[in-house]
Amino acid sequence: MTNTAVHSSAQVIPVKSPEYAIRLLHRQKSSHQALWLLLDQIKDPEIPVISLWDLGILQDVLVNDSAVTIVITPTYSGCPAMVEITSDIQTLLNENGYAKVTVDSRLTPTWTTDWMSTDGRERLREYGIAPPSCQTKNAEPTDIQCPQCHSSDVRVISEFGSTSCKALYQCQNCREPFDYFKCI
Amino acid sequence: MKGDQMNELTVEETQKKLLVDHVIALGDDALILSQRLIEWCSNAPFLEEDLALSNVALDFLGRARMLYQYAVELEGNVRTEDDIAFLRDSREFKNHLIYELPRGDFAFSMARQLIIDVYNSLFLEQLLQSKDERLAAIAQKSIKETQYHLRRSQEWIFRLGDGTTESHQRLQTAMDDLWGYSKELFESHPSETSLIEAGIAVDRTKLQDAWRTKMNTILAQATLEQPDDNWHQTGGRDGLHSDHLGMLLPELQFMQRAYPDLEW
């Protein structure tokens, strides 16, 4: 599925993926907007510019009397950040007056980069991480651009980079190495 | 050991115990492989490979955690995932033998990884259809990662097999040394029979043909000979392990054994 449409020579107009649109609609229909907004403050521990919402980790906010349940989806099997994320949610909500907080880690539906927000992708790029490109399933992506100089002349050094979610690339144009957030 | 009063269990309890044991066995497969992979950390041929192998090891560790956590829930939280990982001895581990073999040279680890990745891609595809929702969910998560693992290990096999004289020879030796251990992956085990009938566990015997076909294609492309097919080792699911597991466990478990209930 494509998440960008190319208009004129270089301008890229971001388009919402259907999966992200569904998530967004669900959030917009919720009666707990304050909680969703509060949770937007929680960023990925490794990539501090992108929130749990942007990453597609935050799924649902459920309130029963005064008990709050936050539903998240774990990313990669061994991702150590999930532990920190869970505790960050607890802490933030406790600090903001929510005493009874449960974080529910829901395995299925399985986390996919298709759930990432359009904003999130942009922020990754600005941070220096090429966002996921999923136009071909189960094959190396062919349309990755260097986050520094935007050249398409890039090569993959390793599909297994510094963290579970990232691959290591190098730009052949400006020679800078960069991380690529893998499509999964 | 807790839960060993088999003669007093109802049919339902027996079935549950079989499920718990099966889930733990799958977790053992992942944990032991993870441990062997992480032994490459700071020992790999070059830095990027160090990262890559650690990254893959982490995926398998995560898989082990998901499985152990499920087992713990099924048991009613009478112990933790750490107890399962760190406080059992080798007779209680039920991983297949291929995972516990030492990392060997780089070719050996890559050969083993290929065998496992091809196996996992077939195995997890079947586990997706398990009537046990949690196992199916774990399979859904794991299979995406396995697709990346397989692409990686295949590339290494082509690079090493169709490489220099030395890399080719080392990889051939590795395949020859591993081949007999691969058969255990496709052996049926009595502990799984009723689970297979219930649509929960995968009938691994049915995966062998597809595995062989895929392996043979890859071996051919890597200019490797098919190894001798006339030997095999088994015993893992019965807790009958090689010396190698006996060496691995003290390293894995040292901290918890020396400082019980240690926490960071």
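This text gives an overview of the structure that appears in the document. (Residues numbered from 1 in each chain as written. Chains lettered and ligands numbered in written order. Predicted model: local features only at pLDDT ≥ 70, side-chain atom pairs only at ≥ 80, totals over all residues. Heavy atoms only, no water.)

## Points about the sheet that holds strand 4 (residues 67-72) of chain A
All names here are of chain A. Reading across from one edge, 3-4-5 is the order of the three strands in this open sheet, with mixed pairing throughout. At either end of the open sheet lies a strand with only one pairing partner, and these are strand 3 (58-64) and strand 5 (100-105). With strand direction ignored, the average angle separating the axes of adjacent strands in the sheet is 20 degrees. Examined bridge by bridge, strand 3 and strand 4 share six bridges and lie antiparallel to one another. If you follow V61 over to strand 4, its bridge partner there is I70. (Pairing = 2+ DSSP bridges. Helix = DSSP H or I, 4+ residues; strand = E, 2+ residues; numbered from the N terminus. Axes fitted to C-alpha atoms, helices over the stretch in contact; angles between N-to-C directions.)

## A short note on the state of the cysteines
In a disulfide, the sulfur atoms of two cysteines are covalently bonded to one another. All names here are of chain A. On inspection of all chains with the given rule, the structure shows one disulfide over all chains. No disulfide involves C146; its nearest neighbouring cysteine sulfur is the one of C174, lying 3.8 Å away. Not engaged in a disulfide, the cysteine C149 finds its nearest cysteine sulfur in C171; these two sulfurs lie 3.6 Å apart. (Disulfide = S-S within 2.5 Å.)

## Quick notes on the packing of aromatic side chains
Scanning the entire structure with this criterion turns up 14 aromatic pairs over all chains. Relative to B:W156, the ring of B:F106 lies with its centre 4.9 Å away and its plane at 85 degrees, an arrangement referred to as edge-to-face. Of this pair, B:F106 sits in helix 5 (residues 106-127) while B:W156 sits in helix 6 (residues 133-161), and the two are 50 residues apart along the sequence. This pair shows no difference in class: B:F106 is buried, exactly as B:W156 is. One aromatic cluster is present, formed by B:Y119, B:F123, B:W179, B:F186 and B:W211 through successive ring pairs. Against the face of A:W53 rests A:R27, its NZ or CZ located 4.9 Å from the ring centre. Just above the ring of A:F160 sits the side chain of A:K182; from NZ or CZ to the centre is 4.2 Å. (Phe/Tyr/Trp six-rings, centres within 6.5 Å; stacked < 30°, edge-to-face > 60°. Buried < 20%, exposed > 50% of the residue type's maximum accessible area, 1.4 Å probe, protein only. Lys NZ or Arg CZ within 6 Å of the ring centre and 35° of its normal.)

## Examining the interface of chain B and chain A
In this assembly, 22 residues from chain B lie in contact with 26 residues from chain A. Together, the buried faces of chain B and chain A total about 2,100 Å²; carbon and sulfur atoms form 58% of this surface. If you sort the residues of chain B by the area they bury against chain A, B:K141, B:Y148 and B:R151 come out on top, with a joint share of 31%. One salt bridge connects B:R151 with A:E159, and the closest N-O pair in it is separated by 2.5 Å. Along the contact surface separating chain B from chain A lie 10 residue pairs in polar contact (both at pLDDT 80 or more). Elements supplying a minimum of two residues to the side of chain B that touches chain A: helix 2 (47-74) and helix 6 of chain B. Per-class residue counts for the side of chain B that touches chain A are eight nonpolar, five polar and nine charged. (Contact = heavy atoms within 4.5 Å. Buried area = accessible area lost by both parts, 1.4 Å probe. Salt bridge = Lys/Arg side-chain N within 4 Å of Asp/Glu carboxyl O. Polar contact = N/O pair within 3.5 Å; in protein donor to acceptor, adjacent residues only side chain to side chain. Nonpolar A, V, L, I, M, F, W, Y, C, P; charged D, E, K, R; others polar.)

## Observations regarding the packing of helix 1 (residues 11-38) of chain B against helix 10 (residues 243-258) of chain B
Residues and elements named next belong to chain B. Interaxial distance between helix 1 and helix 10 falls to 11 Å at its minimum, and their mutual angle equals 80 degrees. Judged by the inter-axis angle, helix 1 sits roughly perpendicular to helix 10. Residues L31, I32, Q35 and R36 of helix 1 form the contact with helix 10, whose own contacting residues are H244, L245, L248 and L252. (Parallel < 35°, antiparallel > 145°, perpendicular 65-115°, else oblique.)

## Some details on the pattern of salt bridges
Under the counting rule described, the total for this entry stands at 19 salt bridges over all chains. With its nearest N and O atoms 2.1 Å apart, the salt bridge here joins A:R125 to A:E122. With A:R125 and A:E122 both in helix 5 (residues 118-127) and three residues apart, the pair spans about one turn of that helix. Judged by its relative accessible area of 33%, A:E122 falls in the partly exposed class. Among the ionic pairs, B:E75 bridges to B:R79, the shortest N-O distance being 2.8 Å. The class of B:E75 is partly exposed, set by a relative accessible area of 24%. The network of salt bridges with shared partners includes B:D29, B:E192, B:R204 and B:R237.

Fair warning: the whole summary comes from geometry, so function is off the table for now.
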